[in-house]
Amino acid sequence: MLKRLCSAGLILLGMASILLVSCKQEEIIEPEFPATKIEKTLSPGETVRIEFDANLDWTLKVTGEGAGNYFGIFDAGMLETTLSGAPGKQSVEVGFTDDLEFDTDRVCTVTLTMKDITKEIATLTKLRGERVLNVYPAIPSEEGFPQSGFEYSDTPSTDLTLLTFEGSTDYTLPVKVVSNFPWTLATGSEFVHASTQESSDEVTELILSLETVESLANGKTLQMEFIASGSTESASVPVSLTVPAYGDRLEFELASSLYFNKDAELKMPTGGYSFQPALMYVLGGHDYNLLAVEWNAEKEYYEVSFPDWIMSVKRFNSDDYLQKSTLEVVVSENEGTDRCADLLVLPPSLSKLTPAKVCDEQGLTILPEYRKYLVGRLVQEGIRPDFVGLDSSADNYKAILEKSPADCEWLKKEYDTDQVYKLTYSDQYSLAQLTFTPGFTSFDIKDYNLSNVSGSFWLELNPFARNTRGLVYMDPSAYKAVEGEKPTSFIVFYSDEEKTKVLGVLACVYDTEASGGSAGGSDTISISSGNGTVNKLSAGNDVFDIINSNIGISEIYEVTVTTRKTVLKSTVELWGGMIYGLDFMELTDGSFTAEGYSETEIAVKVSPAVTEFTSCLIILAGANGTPVAALYYSFDPSGN
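Just so you know, these numbers come straight off a predicted model, no measurement behind them. (Residues numbered from 1 in each chain as written. Predicted model: local features only at pLDDT ≥ 70, side-chain atom pairs only at ≥ 80, totals over all residues. Heavy atoms only, no water.)

Engineer: Any chance you could break down the overall build of the chain for me, citing the residues and the numbers?
Structural biologist: Scanning the chain from N- to C-terminus turns up 4 helices and 47 strands. Taken over C-alpha atoms, the radius of gyration comes to 54 Å for the chain, far larger than the 26 Å a tight globule of 640 residues would show. In the chain, which comprises 640 residues, the share counted as buried stands at 42%. For the chain, the share of sequence-separated contacts (at least 6 apart) that also reach a separation of at least 24 residues comes to 66%. (Helix = DSSP H or I, 4+ residues; strand = E, 2+ residues; numbered from the N terminus. Rg over C-alpha atoms; globule rule 2.2 N^0.38 Å. Buried < 20%, exposed > 50% of the residue type's maximum accessible area, 1.4 Å probe, protein only. Contact = heavy atoms within 4.5 Å.)

Here it is, written out as structure tokens:
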């Protein structure tokens, strides 16, 4: 019995122990969360420390769009979205990467989980960034922009202007772009180009340039856009760009003289004339125009009609609207008097102006507003009398006057004139009375070396009739010559007292062997006194064949003179001469007469009534009355 009681007691005692243990295991421990929720707005790359004292095992988690990429838990250099640990004090770094975003706000929600209980302990926000783009224009010098190494303004600008400089057709602007986002540039026109059209760099240098076309010639303000690359929105930064008006831009430079002779040859810088156009270099639009306004020197006013004797051609190098071109100006031959015109290069907006519109009502002057387009005055010589001639009213004895002989061509370049003559005396009694048209103002006598002489000299000029006539004296015995040298000196005539404007040059030569100025190597006829040329003709020449077939003479000469009295010399004794018209009928109107001058010379005179180029036929007879030569004789009053 006692044994049973002991067993029963032991059983009760064990059950009590079990009950005690069971009650102790069912004790509940609740998780302790941070009392305060963290709410912050952070910038890109900014983080916060979230601290908590976990009384149970815990898990920290971040959620939201972009978690793990744009924000998360920074743990040992890694970006995590969850982190777990054992109870105890904790410090966890949570925040955003340094990515700058412009189209999305990022919200990072931080939760803590313990014992299957989750609580939101922080909300972190990164607001979308603001796009910033600044444009800094380059600073030019007076000459323009350098090739590289631009200096930029310290102040950004949203209003840009393309620039150009004197002598250049380029419109450009270097700029520096500082941006916090990648961009693509839309220039606002297909004719505006950028050296760099897209960039992801913080600083980008580029050059804006213009292709000049007619559609932009009047200028325009364009709207450029720096468009955000890869943006989900139509995000851009606008910048205005002004294209200056260039349609009427005009620069010109004269590159030659504007002086032509009557044969339409241009006067060259080195002297003499050449069949070349006058040249101008013009920077302007395609439609610029050359306007010639003719000046009537006799009536002293501008003509209202276009001078049809002036022609021009524009030569372009490309299709660009604005460019440098060459303007060529030529004239037609002038059979009248001297003529001139003022040349204006007009921009396209004024290209339709007429001579009457650019002058005042009286036609006396070009209006002030158009004078800036004046290039200069074009002058063309006309047919003019020789500056020096033999006076037909005087008895010029054994004197030969030649214009522009070959051995005096160098004088044209020396004195920049085509009025060069040679007076040759062949006898100690030779004497010539000269005419000067126009009369000169002053003169110099120069020796063989073109040095001025004064005092007594072998050559002397005695002018009279207000310097429109003069007697030339040569004393060969007073000439100090080198052995074999013919006495030679020069007279230079001027139109001013300062002796800066040369009218003409006269070479004076004493030559006892002078044959009379034959120009064609004739062996029977030459000019003894007067101004002209003699050419011996032969079979095959039209004039020779006509005269020979009608008269049967083979000694035929073409004689052209510019003096009304000319003495012809023959190698055979002469009896006289008969004068016929070109119809081979005897000429009796007195326009031409011939009379004996000496045994071997005959004087031919032209009536004052003959005022234009006129020809006749002269048959010279020998001592026995037999024809010895036929002359196709012409008088040229213009001196050509």
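Here the narrative resumes, following the displayed structure.
Engineer: Before we move on, can you summarise the pairing of strand β42 (residues 565–570) with the specific residues and values?
Structural biologist: In terms of burial, β42 is largely enclosed, as 5 of its 6 residues are buried. Both strand β39 (residues 525–529) and β42 contribute to a ladder of 4 bridges, which runs antiparallel. Looking at the pairing, Ile-525 lines up with Ser-570 of β42. Here β42 pairs with strand β45 (residues 601–606) via 5 bridges, running antiparallel. Residue pairing in the sheet places Thr-566 in a bridge with Val-604 of β45. (Pairing = 2+ DSSP bridges.)

Engineer: Can you tell me about the packing of aromatic side chains, naming the residues and giving the values?
Structural biologist: On inspection of all chains with the given rule, the structure shows 20 aromatic pairs. Aromatic side chains Phe-440 and Phe-493 sit 5.0 Å apart centroid to centroid with 55 degrees between the ring planes, which places their arrangement in the tilted category. Of this pair, Phe-440 sits in the loop between β33 (432–436) and β34 (442–446) while Phe-493 sits in strand β37 (residues 488–494), placing them 53 residues apart in sequence. By relative accessible area, Phe-440 is classed as buried at 4%. Between the aromatic rings of Trp-458 and Tyr-479, the centroid separation amounts to 5.1 Å while the plane-to-plane angle is 75 degrees, which identifies the pairing as edge-to-face. Of the two residues, Trp-458 is situated in the loop between β34 and β35 (459–464) and Tyr-479 in the loop between β36 (469–474) and β37; the sequence distance between them amounts to 21 residues. Here the aromatic cluster, defined as three or more aromatic residues joined through ring pairs, consists of Phe-387, Phe-436, Phe-440, Phe-443 and Phe-493. (Phe/Tyr/Trp six-rings, centres within 6.5 Å; stacked < 30°, edge-to-face > 60°.)

Engineer: So what's going on with the pairing of strand β46 (residues 614–622)? Residues and values would help.
Structural biologist: Summarising burial for β46: 8 of the 9 residues are buried, a large majority. In this sheet, β46 lies alongside strand β43 (residues 574–580) in antiparallel orientation, the contact comprising 6 bridges. What sits directly across from Gly-577, in β46, is Leu-620. Pairing of β46 with strand β47 (residues 627–635), which is carried by 8 bridges, proceeds in the antiparallel orientation. For Leu-620, the partnering residue across the bridge sits in β47 and is Ala-629.

Engineer: Lay out the nonpolar core in plain terms, naming residues and giving numbers.
Structural biologist: One finds Leu-160, Leu-208, Phe-226 and Tyr-246 to be the most contacted residues of the largest nonpolar core, which totals 40 residues. If you list the elements that add at least two residues to this core, you get β10 (133–137), β12 (172–179), β13 (183–186), β14 (192–194), β16 (203–210), β17 (220–228) and β18 (236–243). Apart from residues no more than four positions distant in its own chain, Tyr-246 is found in contact with Tyr-171, Leu-210, Thr-212, Val-213, Leu-216, Ala-217, Tyr-321 and Leu-322. Within the second largest apolar cluster, 34 residues are counted, among which are Leu-250, Val-293, Leu-344 and Leu-353. (Core = buried A, V, L, I, M, F, W, Y, C linked by side-chain atoms within 4.5 Å.)

These values are about where atoms sit, not about what they do.
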